[in-house]
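Commentary on secondary and tertiary structure
One-letter residues, chain by chain:
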2 protein chains.
Amino acid sequence: MAAVTKHRTEPELSTVDSLAQISFLVQGMLERRAGEDDFSLIQMRLLGVLRDRRPTINELARLLALDKSSVSGLVDRAERRGLVRRGPSPVDGRSVLVSLTREGRALARQVARRFTADIDLLLEPLSPPERARLTTLLSRLLVAHAAKRGVDLLATSDLAGR
Amino acid sequence: MAAVTKHRTEPELSTVDSLAQISFLVQGMLERRAGEDDFSLIQMRLLGVLRDRRPTINELARLLALDKSSVSGLVDRAERRGLVRRGPSPVDGRSVLVSLTREGRALARQVARRFTADIDLLLEPLSPPERARLTTLLSRLLVAHAAKRGVDLLATSDLAGR
DNA sequence: TATTGTTATACTCTATAACTATA
DNA sequence: TATAGTTATAGAGTATAACAATA
């Protein structure tokens, strides 16, 4: 009962179902891991986006596809917990620049590490070449989709904390 | 510039990233489609679960991994919109049985149809044998994961409305 | 005038705790 | 007593609309 080669007899889901289900599964893992540190998924996304950016509230709203008022509240709550800070913009007196605190960065990294471990475990049933094939197929879908639309690829890539 | 065979040069994401991103992408599609009919994702899940079940509030709470009080409110709001109904249990005077109304069923079907179209479009870059390979790989992950835990496979399979 | 961000308001979603009515 | 469901309460998350400050 070691590893592979008995998947021939499984009923196998439809492609739509398998994609839908894997998305729920992966999101559930991320949500659970974030929840262990009392994060919501959207808070995790916020921290992820801030890993290599110092955006204004407006830019955050675009990156997260939320209204600026929603982002304002999101940042409020994260700031209250010491995870992010608001700073002045040197070029526009109306703007604020949101950035991670050290604590926020550390926490985001922790969650990302645990989440990655979950995914590694999930991938265990596949052999290395099978994983490579899966990665290639998914990447092609993502790249093609990003090409069709704008460049959401980068925005969403931060969600998992990389 | 028709279809395939230029994916060799792409940078290609890591396996973790590709899974994380595809999950956000698919969830976003589902959320957007549900939102067109003013559904939330959880309302969509509720309707999906009810497609072939007539559960009690407690059973719903287990299926959706929510507290029974959360489910109570969820069902309240869906009932107020005429999507589900509460009925008496013939075997336990304390229980209620939740079921879809015709309108709820029709609406769930509509959303599922549009969502499926999104996924089909997403899959366009892959040839039929490539889709089959992707489906097989994902199915194996899902089946293995379900086997490791209980049988969440069935519960989550309804989420997309099948 | 237009834009950036905040605030007021309203609603959904969620959980905990207390309650009721059955069992 | 124990269980099923509801309700009261509290809080996060979301959007719309109105606002203050700056451009």
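Shown above is the structure to which this text applies.
What counts, and where the lines are drawn
- Residues numbered from 1 in each chain as written.
- Chains lettered and ligands numbered in written order.
- Predicted model: local features only at pLDDT ≥ 70, side-chain atom pairs only at ≥ 80, totals over all residues.
- Heavy atoms only, no water.
- Helix = DSSP H or I, 4+ residues; strand = E, 2+ residues; numbered from the N terminus.
- Buried < 20%, exposed > 50% of the residue type's maximum accessible area, 1.4 Å probe, protein only.
- Contact = heavy atoms within 4.5 Å.
- Near = heavy atom within 4 Å.
- Polar contact = N/O pair within 3.5 Å; in protein donor to acceptor, adjacent residues only side chain to side chain.
- Nonpolar A, V, L, I, M, F, W, Y, C, P; charged D, E, K, R; others polar.
- Phe/Tyr/Trp six-rings, centres within 6.5 Å; stacked < 30°, edge-to-face > 60°.
- Lys NZ or Arg CZ within 6 Å of the ring centre and 35° of its normal.
- Buried area = accessible area lost by both parts, 1.4 Å probe.
- Salt bridge = Lys/Arg side-chain N within 4 Å of Asp/Glu carboxyl O.
- Pairing = 2+ DSSP bridges.
- Least-squares fit on C-alpha atoms with pLDDT ≥ 70 in both.
- Axes fitted to C-alpha atoms, helices over the stretch in contact; angles between N-to-C directions.
- Parallel < 35°, antiparallel > 145°, perpendicular 65-115°, else oblique.

Moving on to the overall build of chain A. Check the secondary structure of chain A and you find 7 helices and 2 strands. Listed N to C, the secondary structure of chain A is α-α-α-α-β-β-α-α-α in terms of helices and strands. Relative to its full complement of 162 residues, chain A shows a buried share of 49%. Taking the contacts inside chain A whose residues are at least 6 apart along the sequence as the reference set, 54% of them involve residues at least 24 apart.

On to the protein's contact with DNA strand C, then. Taken together, 22 residues lie near DNA strand C, and Arg86(A), Ser40(B), Ser70(B), Arg77(B) and Gly93(B) sit nearest. What you see for DNA strand C is that sugar and phosphate hold 64% of its atoms within 4 Å of the protein. At 2.8 Å, a side-chain N or O of Ser72(A) approaches a phosphate oxygen of DNA strand C. Here a phosphate oxygen of DNA strand C and a backbone polar atom of Val96(A) are 3.0 Å apart. Residue assignment for the surface near DNA strand C shows that the elements contributing at least two residues are helix H3 (57–64) and helix H4 (68–80) of chain A together with helix H2 (41–50) and helix H4 (68–80) of chain B. With 4 residues, the top contributor of residues to the surface near DNA strand C is H4(B). Split into classes, the residues belonging to the surface near DNA strand C amount to 5 nonpolar, 10 polar and 7 charged.

Near DNA strand D there are 22 residues, and of these Ser40(A), Ser70(A), Arg77(A), Arg86(B) and Arg94(B) occur at the shortest range. Measuring from a base nitrogen of DNA strand D, one finds a side-chain N or O atom of Lys68(B) at 2.8 Å. Within the side chain of Arg86(B), an N or O atom sits 2.6 Å from a phosphate oxygen of DNA strand D. Of all elements in the fold, only helix H2 (41–49) and H4 of chain A together with helix H3 (57–64) and H4 of chain B reach the threshold of two or more residues within the surface near DNA strand D. No other element matches H4(A), which puts 4 residues into the surface near DNA strand D. Each residue belonging to the surface near DNA strand D can be placed in one class, and the counts come to 5 nonpolar, 10 polar and 7 charged.

Scanning the entire structure with this criterion turns up 0 aromatic pairs over all chains. Above the ring of Phe39(A), the side-chain terminus of Arg81(A) is found at 5.1 Å from the ring centroid.

A common way to state how big an interface is: give the accessible area lost once the parts meet. Contact with chain B, which involves 56 residues of that partner, is made by 56 residues of chain A. Both faces combined, the contact of chain B with chain A buries some 5,300 Å², and carbon together with sulfur accounts for 73% of it. Looking at the side of chain B facing chain A, the largest losses of area belong to Phe24(B), Arg140(B) and Leu141(B), adding up to 14% of the total buried there. Across the chain B-chain A interface, the total number found is 4 salt bridges. Between Glu130(B) and Arg140(A) there is a salt bridge, and its shortest N-O distance comes to 2.9 Å. Linking chain B with chain A are 12 residue pairs in polar contact (both at pLDDT 80 or more), by the criterion used here.

A few words on the pairing of strand E2 (residues 96–100) of chain A. Residues and elements named next belong to chain A. Along E2, 4 of the 5 residues are buried, which leaves the element largely enclosed by surrounding structure. Bridge analysis of strand E1 (residues 84–88) against E2 gives 5 bridges, and the strand direction is antiparallel. Note on E2: the bridge partner recorded for glycine 87 is leucine 97.

Right, let's talk about the relation of the copies chain B and chain A for a bit. When chain B is fitted to chain A, the best match, at an RMSD of 0.1 Å, comes from turning it 180° and sliding it 0.0 Å along the axis. Here the two chains are linked by the operation of a two-fold rotation axis. The C-alpha atom lying nearest the rotation axis in chain B is that of Ser23(B); the distance is 2.0 Å. Same-surface contact between copies: 100% of interface residues of chain B are shared with the interface of chain A.

Residue placement: Arg94(B) occurs in the loop between strand E1 (84–88) and strand E2 (96–100). Sequence-wise, Arg94(B) and Leu30(B) are 64 residues apart; in three dimensions their C-alpha atoms are separated by 35 Å.

Further remarks concern the pattern of salt bridges. Residue and element names in this part refer to chain A. This model, assessed by the stated rule, comprises 22 salt bridges over all chains. For arginine 33, the salt bridge goes to glutamate 36, with nearest N and O atoms at 3.0 Å. Across the pair aspartate 52 and arginine 53 runs a salt bridge whose closest N-O atoms are separated by 3.6 Å. Looking at arginine 53, the relative accessible area reads 25%, which means it is partly exposed. Each of the salt bridges in this network shares a partner with another, and the network as a whole consists of Arg32, Arg33, Glu36, Asp37, Arg114 and Asp118.

Further remarks concern the packing of H2(A) against H4(A). All names here are of chain A. At a minimum axis distance of 11 Å, the contact between H2 and H4 shows a crossing angle of 85°. With respect to their mutual orientation, H2 and H4 come out roughly perpendicular. Between H2 and H4, the contacting residues are Ile42, Gln43 and Leu46 on the first element and Leu74, Arg77 and Ala78 on the second. Residue classes in the contact of H2 with H4 are distributed as 4 nonpolar, 1 polar and 1 charged.

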